[in-house]
Amino acid sequence: MKPWIQKSRLMNRLMITSCEEIEEFLYAYVEDELDPGTRRRFDMHLRMCPQCKTYLQQYRRTVSICADLPAPEAPKELADTTMEFLRRQGVC
């Protein structure tokens, strides 16, 4: 077998080969929850795919912006209604 074909097959086995897989693993990648082998494949894909690299940067910016937003407050009626429901169910 020609060396470049062999190298190409090896690269395909080592890489996360589709951009859809990048989306699937994105949260775990950003939160550093991937196992080392998957993380290496993810990093390799990012080096070879500018679209996914840009997508990752946008994702990180979005998470950062959202983290700076104030947490919304639930309306008082929600707590009252929930507690009443739980009382009727015999939970409280």
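Throughout what follows, the structure given in this document is the object of discussion. Note that the structure is predicted; figures quoted are calculated from it, not measured.

Attention shifts here to helix α2 (residues 19-30). The terminal C-alpha atoms of α2 lie 16 Å apart, and with twelve residues this matches the ideal 16 Å at 1.5 Å per residue to within 8%. Listed in full, the buried residues belonging to α2 are Ile22, Leu26, Ala28 and Tyr29. Buried residues belonging to α2 abut α3 (36-48) and α4 (50-67). Just past α2, the residue Asp32 takes up positive phi, approximately 60°.

By the element assignment, Cys49 lies in the loop between α3 and α4. Separated by 31 residues in the primary sequence, Cys49 and Ser18 have C-alpha atoms spaced 9.7 Å apart.

With that out of the way, let us pick up the packing of aromatic side chains. A complete count under the given rule lists one aromatic pair for this structure. When the ring centre of Tyr29 is taken as origin, the NZ or CZ atom of Arg39, which lies over that ring, is 4.1 Å away.

This next bit is on the nonpolar core. Ile22, Leu26, Ala28, Tyr29, Leu34, Phe42, Leu46, Cys49, Cys52 and Leu56 together form the largest nonpolar core, which totals ten residues. Listed by contribution, the elements that provide at least two residues to this core are α2, α3 and α4. Among the elements that make up this core, the one with the highest residue count is α2 (four residues). Discounting residues that sit within four places of it in the chain, Leu56 has contacts with Leu26, Tyr29, Val30 and Leu46.

Calculation criteria
Residues numbered from 1 in each chain as written. Predicted model: local features only at pLDDT ≥ 70, side-chain atom pairs only at ≥ 80, totals over all residues. Heavy atoms only, no water. Helix = DSSP H or I, 4+ residues; strand = E, 2+ residues; numbered from the N terminus. Expected span 1.5 Å × (residues − 1). Buried < 20%, exposed > 50% of the residue type's maximum accessible area, 1.4 Å probe, protein only. Contact = heavy atoms within 4.5 Å. Phe/Tyr/Trp six-rings, centres within 6.5 Å; stacked < 30°, edge-to-face > 60°. Lys NZ or Arg CZ within 6 Å of the ring centre and 35° of its normal. Core = buried A, V, L, I, M, F, W, Y, C linked by side-chain atoms within 4.5 Å.

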